[in-house]
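Listed below are the residues making up each chain.
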Amino acid sequence: MNERYIYYMVNLNKNNNDHLEILRKISKTPGASQRKLSKDLGFSLGKLNYCLQELQTKGLVKIKNFKRNEKKINYLYVLTPLGISKKSKLAIRFIKKTMKKYDDLILEEKFKLTSTVGNIQNNIGIGHNSNGQDIELEGKVEENKNRTKPLFKTIAVNIKRRTVKVNDVLSTFKGKPIPSWIELSLIDVCNRSCSFCPKSDPKIAPDTHQKMQLPLIDKLCNELKEIKYKGSVVLCGYGEPLLHKDVNIISKKLADVSFVEVVTNGDPLNSKKIRELYDNNVNKLLISMYDGKHQIDKFNKMVKDSGVPDDFVILRDRWYGADTDYGLKLTNRTGTVSIGDQEEVGKYNKCFYPSYQFLIDWNGDIFLCPQDWQRRVTMGNMMQEHIFKIWDGKIMNKFRKNLINGKRKENPCKMCNAEGTILGKKHANAWNDIYVSR
């Protein structure tokens with residue numbers, strides 16, 4: 001009974017999974033021939049042709065013959081706008097159905113899957129191409145009632161606090177520098193609409209209300225543990241993280257493998273919530289205050305009532321107007337924001353962001369950095385691949401090498417006006433040594 005259930009989970013909607021793989025591969029390598037797609041996906045030409053015809057019939061893929069003959073190996077394949085949308089929907093559906101089947105298994109069998117299951121477990125992962133990455137699926141995880149991890153002391157200044165984790169920590173895995181700063185976008189919605197944020201324009205960054213699922217968090221934790229990660233994971237990204245109902249559980253899980261920070265606008269906070277974040281081993285809670293100086297007293301009282309250490313919380317004044325750039329370092333977010341007195345695009349050429357960090361969106365898509373609000377060029381998806389494979393992958397290395405050498409020549413980087421060299425010099429030098437030696 002249990003083995004059949006697991007087999008069903010792994011092979012759930014096989015046809016849709018094949019389609020998802022094909023759509024993702026075409027998205028990553030537009031114009032790839034059928035022979036290349038067949039080789040990269042591990043499909044026979046017959047199976048691939050059958051799937052491609054289905055996708056074409058549904059209007060998801062365009063098939064072009066670049067040599068004007070009848071040989072299918074000379075066809076090129078590109079996603080239609082409908083295909084791009086369908087790719088995202090299939091990915092979401094896969095996560096949800098996998099979670100649903102697992103929940104049913106827990107309820108009906110009270111069964112916990114661990115490493116003792118053996119070969120069956122090796123087939124389970126997030127995404128069709130998870131390559132048997134072991135994921136320990138658990139039953140209900142309880143929030144902490146009291147903190148179980150010491151509070152890491154850092155200087156309560158924004159850049160200085162990041163310097164401690166970025167410039168002072170350079171770890172390697174398989175001889176390659178690994179990131180020391182990872183941002184997680186837990187949820188794609190914000191309760192505010194700030195004029196200096198792309199979320200203020202629904203045409204650029206609409207609130208989709210999509211949220212990161214716990215199996216993705218579990219996979220991330222396992223892989224960070226595997227590479228012996230020593231950096232920070234920051235809950236921030238493209239939405240307000242405290243709107244995610246599982247933020248306490250997520251913080252607890254991540255705190256086992258990293259230092260956890262939460263960046264919030266403070267609206268969902270009260271003294272109880274601050275205490276819960278602290279008890280679930282968050283290392284820093286950063287509150288951006290947009291309404292005025294009166295918020296200082298408001299949040300100081302919350303902190304005092306919560307009983308957490310004073311240095312657990314950092315208050316950031318963000319209530320200023322356009323004449324003082326809203327109290328922050330304005331950037332154009334890769335061409336999506338033009339408000340304020342910003343630097344000209346092209347002033348800065350080098351950038352170290354991809355040398356020491358990346359951002360994971362709610363669905364597992366990995367982007368170069370939090371400046372990229374276009375979200376059109378993904379480095380990969382962690383549901384499909386190990387994060388280190390993406391980090392050291394062909395796409396990421398191409399952007400990283402170009403930016404280290406001052407070549408902002410491709411989207412989204414060529415539209416970005418962020419300085420990009422304030423942090424991460426040690427990582428950039430280490431990567432440059434690797435590139436020079438090749």
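In what follows, the structure referred to is the one given above.
Residues numbered from 1 in each chain as written. Predicted model: local features only at pLDDT ≥ 70, side-chain atom pairs only at ≥ 80, totals over all residues. Heavy atoms only, no water.

## Topic: the packing of aromatic side chains
Under the defined criterion, the tally for this structure stands at 6 aromatic pairs. Summarising the aromatic geometry, the rings of phenylalanine 358 and tryptophan 391 are spaced 5.7 Å apart at their centres and angled 50° between planes, so their arrangement reads as tilted. Remark: tryptophan 391 occurs in helix H12 (residues 387–391) and phenylalanine 358 occurs in strand S10 (residues 357–360); sequence separation between them is 33 residues. For tryptophan 391, a relative accessible area of 2% corresponds to the buried category. Members of the aromatic cluster, connected to one another through ring pairs, are Phe358, Trp391, Trp431 and Tyr435. Over the ring of tyrosine 238 we find arginine 375, and its NZ or CZ is 4.0 Å from the ring centre. Here the guanidinium or amino end of arginine 400 rests over the ring plane of tryptophan 431, the centre of that ring lying 3.9 Å away. (Phe/Tyr/Trp six-rings, centres within 6.5 Å; stacked < 30°, edge-to-face > 60°. Helix = DSSP H or I, 4+ residues; strand = E, 2+ residues; numbered from the N terminus. Buried < 20%, exposed > 50% of the residue type's maximum accessible area, 1.4 Å probe, protein only. Lys NZ or Arg CZ within 6 Å of the ring centre and 35° of its normal.)

## Regarding the pattern of salt bridges
A side chain of one charge can pair with a side chain of the opposite charge if their charged atoms are brought near each other. Under the defined criterion, the tally for this structure stands at 14 salt bridges. The residue aspartate 218 makes a salt bridge to lysine 253 at a minimum N-O spacing of 2.8 Å. Highlighted residues: aspartate 218 in helix H7 (residues 214–226) and lysine 253 in helix H8 (residues 247–255), separated in sequence by 35 residues. Since its relative accessible area comes to 12%, lysine 253 is described here as buried. In this structure, aspartate 279 and arginine 275 form a salt bridge, with 3.2 Å as the shortest nitrogen-oxygen distance. Taken together, the positions of aspartate 279 and arginine 275, both in helix H9 (residues 271–279) and 4 residues apart, correspond to about one turn of that helix. The exposure class assigned to aspartate 279 is buried, which follows from its relative accessible area of 6%. One salt-bridge network, held together by shared partners, links Asp188, Asp361 and Arg375. (Salt bridge = Lys/Arg side-chain N within 4 Å of Asp/Glu carboxyl O.)

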